[in-house]
Structure formats: C-alpha cells, structure tokens
Amino acid sequence: MTNAEQPLLSVAGVTVRFGGLVALSDVSLEVAPRTVVGVIGPNGAGKTTLFNVVCGFVRPKQGTLSWRGTTLRNHRPDQLANLGIARTLQGLGLFAGLSVLHNVMAGADRTAKSGLAASVLGSRGAARGERDLRAKAMTALATLGIADTAHRYPGELPYGVQKRAALARALAAEPELLLLDEPASGLSEQDMAELVTHLRTLREDMAIMLVEHHVDLVMRVCDRVVVLNFGEVIAEGDPAKVRNDPLVTEAYLGDPARERDSA
Ligand SMILES: Nc1ncnc2c1ncn2[C@@H]1O[C@H](COP(=O)(O)OP(=O)(O)OP(=O)(O)O)[C@@H](O)[C@H]1O
C-alpha cells in the first residue's frame, strides 16, 4: 500500500459496553484522505458513541484506533488538534462574550504562535502570531461565506450562521480530518443545501467523518456510508449501494429519525 492510499483514520474491531448494554460491537471503518465518510443509523444505533470513541471521550472495551498507521493509545480530546484532527460537537460551543472572529481564532492556535509561546517570544513574535491567527480565522470564515460576521457576537446571529461559525472554528486549525457530529441538526433546508456545497469544497483539502440523522444529506455528500444498528455495522459502501440495501431499509422502518428526515 502506498502512502497516498493509507487511511488517515482506522477504527478496528471497536466494542463499547455501558454496563450490560453493548453500544458498539466489533465496529471497523476507515477514513482515507480527501474522502467524506458518513455514519448513519436509527436512534440509539451507536453513532454518538462511535464519534466519542474517535474523539477520545469514550474508551473502547476492545479494538484499536490508528491515525496514519500509528495506534492511538488512550488519546484524549485535547490531543486531537496536534494530530491534525478538528471536530464540531452537537452544541455550538461558541463563547457568547467573544466576537465571531475571536471565537474562530481560538480554534486556530494549533498552528500559530500564541498564548504562552507568544509571551516567550516577546511582543514581535506575539504580534506575528496574532496576525497569523487572524488570517487563518478570516480564511475559514470566508470559505464558509460568513466573513461579514467577523465582528458580530454569536447571539446576534441566526442559528444557521452560528453553526457555520462553529464549523469555521474547526477549519481554522487546518485539520487533515474534520469530525462533525450532526452538522445539519437545526438547519433550514437552505442552510442544509449550502452545507452540502461547503462540505464538497472542504473535501478537496481534507477528509471528513460525519455522524448525522439526516440520511438525505449524508447520501448527497458522502463517498462512503457506514450504517449502524444496535451497535453493529449492518451496511457499508457508496451511497447508491447503501440506499438499496434491504437491511438498511428494514433498520429505518418506523424510526422517528427517518420520519423527521423525510418531513
Ligand atoms: N453514557 C452512557 N451510559 C449508558 N448508556 C449509554 C451511554 N451513552 C449511550 N448509551 C446507550 O448506548 C446506545 C447507543 O447510544 P448512542 O447515543 O451512541 O446512539 P445514537 O445512534 O447516537 O443515537 P441518537 O441517534 O438517538 O443520538 C443507546 O442504547 C444509548 O442509550
């Protein structure tokens, strides 16, 4: 296998138990560079648990995670940025008292000389670090079409724009892998259509793994789709293959998420 083909992220045989409940059972998946992988499944299927395992919030009982071929042992969420992984969570997590620009700058400091480093470097180094951060943050905002909100405060903006600011904050770290937990939740149809366009653009520069209730969005943007049901992978492949899989149809029958999706 050449380096170009090596997956960035590998999840192999991951099992998670909460007491007697098996939330994930022998789950494996890979995310290759510049591909979008979607994880779907009915309510309680294990999507959030899988996301939390990848982020380091939940430790698997069995199985391994690898990043660029190296096993991750007991990694923590605060180590993701240094690996080149950024994430957005279900909540927005924006600081209400900071402008959108400063919120996004807070996400960019993996790559810039800021904070403690800046104070060690002295004021010229700090100024340069600050300029770098600001430039990265403005680039991320412009990529998502919201550069004009840089000096506004999150609370002044519609939910869809706040959600984009949260995504910009993850992008400002210039990740190789972007992890998105329910990026479409709470978005209008218009916002969702724009999200599809943005994800397709981002895919030119990074890999994306997203966990999402909106099956339609996943089918539109993902190269590969992994379907969980009761903690097990019941289908995997490109969207056309997964869409026509009878096991997937069966798993979704009567699931409220499906009805929300098609509403
Ligand atoms: N911390 C926990 N303690 C106990 N059980 C948990 C915990 N977290 C999740 N579970 C259980 O594990 C199973 C998988 O939950 P998970 O939240 O990962 O599913 P999901 O696919 O994200 O669901 P939803 O679509 O409803 O968000 C569910 O049965 C859930 O009740």
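All figures in this text were calculated on a predicted structure; none of them were measured in a lab.

(A) Region of interest: the environment of E182. Its location among the elements puts E182 in the loop between β7 (177-181) and α7 (189-202). Put simply, E182 and H214 are 32 residues apart on the chain and 8.3 Å apart in space, counted from C-alpha to C-alpha. With residues near it in sequence (within four places) discarded, E182 still touches Q90, V211, E212 and H213.

(B) Up close: the site of the ligand. Lining the immediate environment of the ligand, one finds F18, L21, A23, G41, N43, G44, A45, G46, K47, T48 and T49. For the shell around the ligand, the elements supplying multiple residues, two or more each, are β2 (21-31) and α1 (47-55). At three residues, α1 tops the list of elements feeding residues into the shell around the ligand. Residue composition of the shell around the ligand, grouped by class: four nonpolar, six polar and one charged.

(C) Just the sheet that holds β7, in detail. Reading across the sheet, the six strands line up as β6-β7-β8-β3-β9-β10 and stay open at both edges, with mixed pairing between neighbours. Edge positions in the sheet fall to β6 (85-88) and β10 (232-237), since each of these pairs with one other strand and no more. The mean angle between the axes of side-by-side strands here comes to 15°, regardless of whether they run parallel or antiparallel. The sheet strands contacting helix α6 (residues 159-171) are β6 and β7, and the helix crosses β6 at an angle near 170°.

(D) Looking closely at the nonpolar core. Judged by nonpolar contacts, the single largest core of 71 residues is most densely connected at V104, A168, L177, I208 and V227. Looking at which element gives the most residues to this core, the answer is α6, with six residues. Residue assignment places this core across two domains, with domain 1 (41-80) and domain 2 (96-175) each supplying three or more. The residues contacting A168, other than those within four sequence positions of it, are V104, A140, L141, L144 and I146.

(E) Region of interest: the packing of helix α3 (residues 100-107) against α6. Interaxial distance between α3 and α6 falls to 6 Å at its minimum, and their mutual angle equals 35°. The hand of the α3/α6 crossing is right-handed. In this structure, α3 uses V100, N103, V104, A106 and G107 to contact α6, whose residues at the interface are A165, A168, R169 and A170. Its residues assigned to classes, the contact of α3 with α6 comprises six nonpolar, two polar and one charged.

(F) Molecular detail of the sheet that holds strand β1 (residues 9-18). In space, the four strands of this open sheet follow the order β2-β1-β4-β5, with antiparallel pairing throughout. Single-partner strands in this sheet number two, and they are β2 and β5 (70-72). Taken over all neighbouring pairs, the strand axes of this sheet differ in orientation by 30° on average, direction set aside. Where β1 lies against strand β4 (residues 62-67), five bridges are found, and the strand directions are antiparallel. Directly across from T15, in β4, lies its bridge partner Q62. Strands in contact with α1 are β1, β2 and β4; relative to β1, the strand with the most contacts, it is inclined by about 120°.

(G) Layout of unusual backbone geometry. Even without being glycine, N74 reaches a positive phi, approximately 50°. With 7 C-beta atoms counted inside 10 Å, the residue N74 sits in the exposed group. Its identity as a non-glycine residue notwithstanding, F230 has a phi of 45°, on the positive side. By C-beta crowding, F230 is classed as partly exposed, having 16 other C-beta atoms within 10 Å.

(H) Seen up close, α7. For α7, spanning 14 residues, the distance from its first C-alpha to its last is 20 Å, which sits close to the expected 20 Å at 1.5 Å a residue. Of the residues making up α7, those classed as buried are L195, L199 and L202. In a view along the axis of α7, the buried residues occupy a sector of 60°, so they form one face of it. Facing away from the buried side of α7 by over 90 degrees, the exposed positions are E189, Q190, A193, T197 and T201. Those residues of α7 that are buried lie in contact with β3 (36-40), β7, β8 (207-211) and α8 (215-221).

(I) Just the pairing of β4, in detail. Two strands pair when backbone bridges link them, and β4 and β5 are joined in this way by three bridges, in the antiparallel orientation. From the neighbouring strand, S66 faces β5, where its bridge partner is T71. Connecting β4 to the antiparallel partner β5 that follows it, the hairpin turn spans two residues, and R68 within it adopts a positive phi of roughly 50°.

(J) Molecular detail of α3. By the criterion of burial, α3 is predominantly enclosed, with six of the eight residues buried. Taken together, the buried positions of α3 are V100, L101, N103, V104, M105 and G107.

Calculation rules
Residues numbered from 1 in each chain as written. Predicted model: local features only at pLDDT ≥ 70, side-chain atom pairs only at ≥ 80, totals over all residues. Helix = DSSP H or I, 4+ residues; strand = E, 2+ residues; numbered from the N terminus. Contact = placed C-beta atoms within 7 Å. Near = placed C-beta within 6 Å. Nonpolar A, V, L, I, M, F, W, Y, C, P; charged D, E, K, R; others polar. Pairing = 2+ DSSP bridges. Axes fitted to C-alpha atoms, helices over the stretch in contact; angles between N-to-C directions. Core = buried A, V, L, I, M, F, W, Y, C linked by C-beta atoms within 7 Å. Buried ≥ 20, exposed ≤ 12 C-beta atoms within 10 Å, placed from the backbone. Domains from an automatic or database assignment. Left-handed = near helix turned anticlockwise from the far one by under 90°. Expected span 1.5 Å × (residues − 1). Arc of directions from axis to C-beta.

Distances and angles like these do not, on their own, reveal function.
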